[in-house]
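Chain and residue survey
Residue strings, one per chain:
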Amino acid sequence: MGKAKNPDTPNYKKYGVPLYGSAWAPSVIINDSPQPLDRKPEADEVSGEGSTPSPTSPTYLVFSGGGGEGRSGIPNSLLLAEFDFASNSLSDMPVFKLGTGADLPYRMAVHPGGEGLICSLPKSCNDLLTKRIIGRGCESGGLYILETEVSKFVVCSGVVTPFELHCRLEWFQWDEIKTEEVHKQGLKLSEKVLTHLEDAGQQLALTFNNDGSMLAVGGEVQDGNLRVFKWPSMENVLSEAQAHSTVKDLDFSPDGKFLVSLGSGGPGRVWDLTSSTVAASLLKENDEAFGFCRFSQTNDKNQVLYITAARDRGACIVTWNTTTWKKLGSRKIVRDSISAFSVSADGKFLAVGTIQGDIVIVNSASMQVQAVVRQAHLGIVTTMRFSQDSRALVSASMDSSARVTVIKEKKKNGFSLRIIIFIVIVGIGVYLMVAMGGIIPQVQFRFLPMVKVDDGAR
């Protein structure tokens, strides 16, 4: 792939490990954390959950990634970085790093209430025919990507030789770190044991609902199970064996009543979480392959569902009605395959990342491309997330890079619009004068006495 256009911009940094997950720290973490010990709060400063972070509060980003089990020297870890909106800059280095040993934190979901985050860490791959442990890695598109000691990928077919993946899910808590000069946020492995998910297969999809009261997880090949739990009690809400051959993506509706799941084949499914049944099947066209799903809200507060789909001629975003579960339309966005997808909390913007490292921002109202960052990353865009206030988009890549793109709404050219309106009004006025039998010189002549009156000459 080519070089990034502006690799040294302050909103683009490399953190030394391939990155697979990204998220913005919840606002409660931002507001409650790192302030200098000798700092006195301002009179007009507001803090607490749901409030806007104060100008002096850092904005934290969390990333997950690493080099896998091999002796490549690339550690597996969770990273915290800071982003400063005022200077549009990411911290040069992570402000905190928590190693995860030989296990790669491949998938991650952050609890919206600030309780912590959950990670899926693949352990090994077993050949089901020979019972031999192949090694550590991850499955993608029916192929097992094996992490090797020479930092390259070896692919083993899961169709010719079936395999079984083993992983564990770990819960991490936010950890306030105090020094003599400053308080800052960190992470620590929690003592909480997710017994319902012990020795599960690789989980490709992890997500909380908006208020953090439910957790959904979806399994990979040889698992394919879809599970929904109440959080934090882990009481079972839905457990569907072989919901898909591989659960690729999951998302809760804003009101928490529905869950959409996408698999590697077949239609998407809508689950009614009140009755724990299938509410609808989302059929795809013959040449379509669904990728990612995200619920959102329109300007009139109606819910809408977006699904990315790969087609022969490019990748598109399909819009679905969430009452009838029928397609409302689709729009081709890019020619390359979409490797990451996110929707802003206010519903105004959609963002896609591509296998070529591009980022595309789409206006949801018109479904027109608003901005494109060509080669935002040198490698595949593996993850992206809008901030809670919809002001910015974080993205990351297997090339170890992270980028924050601040969203700027296109301003209407009000000056040009006023000129057009003025010309139209003048044109109508002239037309009416001519139609009434007057001529333009007479109109101009009649304006002169009016000017003299305004000047006090008469």
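As a starting point, this report considers the structure included with it. (Residues numbered from 1 in each chain as written. Predicted model: local features only at pLDDT ≥ 70, side-chain atom pairs only at ≥ 80, totals over all residues. Heavy atoms only, no water.)

If you tally the helices and strands in the protein chain, you get 3 helices and 33 strands. Of all 458 residues assigned to the protein chain, the portion counted as buried reaches 48%. Taking the intrachain contacts of the protein chain between residues at least 6 apart in sequence as the baseline, contacts between residues at least 24 apart amount to 51%. (Helix = DSSP H or I, 4+ residues; strand = E, 2+ residues; numbered from the N terminus. Buried < 20%, exposed > 50% of the residue type's maximum accessible area, 1.4 Å probe, protein only. Contact = heavy atoms within 4.5 Å.)

With that settled, the discussion passes to the sheet that holds strand β20 (residues 258–263). Here we have 4 strands laid out as an open sheet, ordered β19-β20-β21-β22, and antiparallel in their pairing. Taken across any chain shown, the strands that pair with only one partner, and hence form the sheet edges, are β19 (247–252) and β22 (277–282). For this sheet, the mean angle separating the axes of adjacent strands, direction not counted, is 25°. Direction of pairing for β20 relative to strand β21 (residues 268–272): antiparallel, over a ladder of 4 bridges. Across the sheet, Leu259 pairs through a bridge with Trp271, a residue of β21. (Pairing = 2+ DSSP bridges. Axes fitted to C-alpha atoms, helices over the stretch in contact; angles between N-to-C directions.)

Looking now at unusual backbone geometry. Trans peptide bonds make up most of the peptide bonds, and negative phi angles are found at most residues other than glycine. Residue Trp231 is joined to Pro232 through a cis peptide bond whose omega torsion reads 10°. By the secondary structure assignment, Pro232 is in the loop between β17 (226–230) and β18 (236–240). In this model, Trp325 sits at a positive phi of 60°, which is unusual for a non-glycine residue. Its identity is not glycine, yet Met367 carries a phi of approximately 55°, on the positive side.

Val62, Leu117 and Leu187 are the most contacted members of the largest nonpolar core, which totals 18 residues. Of all the elements in the fold, those that place two or more residues in this core are α1 (27–32), β3 (59–65), β4 (77–84), β6 (96–99), β7 (107–110), β8 (117–127) and β13 (163–178). Among the elements that take part in this core, β8 stands out by supplying 3 residues, more than any other. When near neighbours in sequence (up to four residues on either side) are disregarded, Leu187 contacts Val62, Leu78, Leu80, Phe96, Leu98, Leu117, Gln173, Trp174 and Asp175. One finds Ala280, Leu305, Ile307 and Ala309 within the second-largest nonpolar core, a separate group that totals 16 residues. (Core = buried A, V, L, I, M, F, W, Y, C linked by side-chain atoms within 4.5 Å.)

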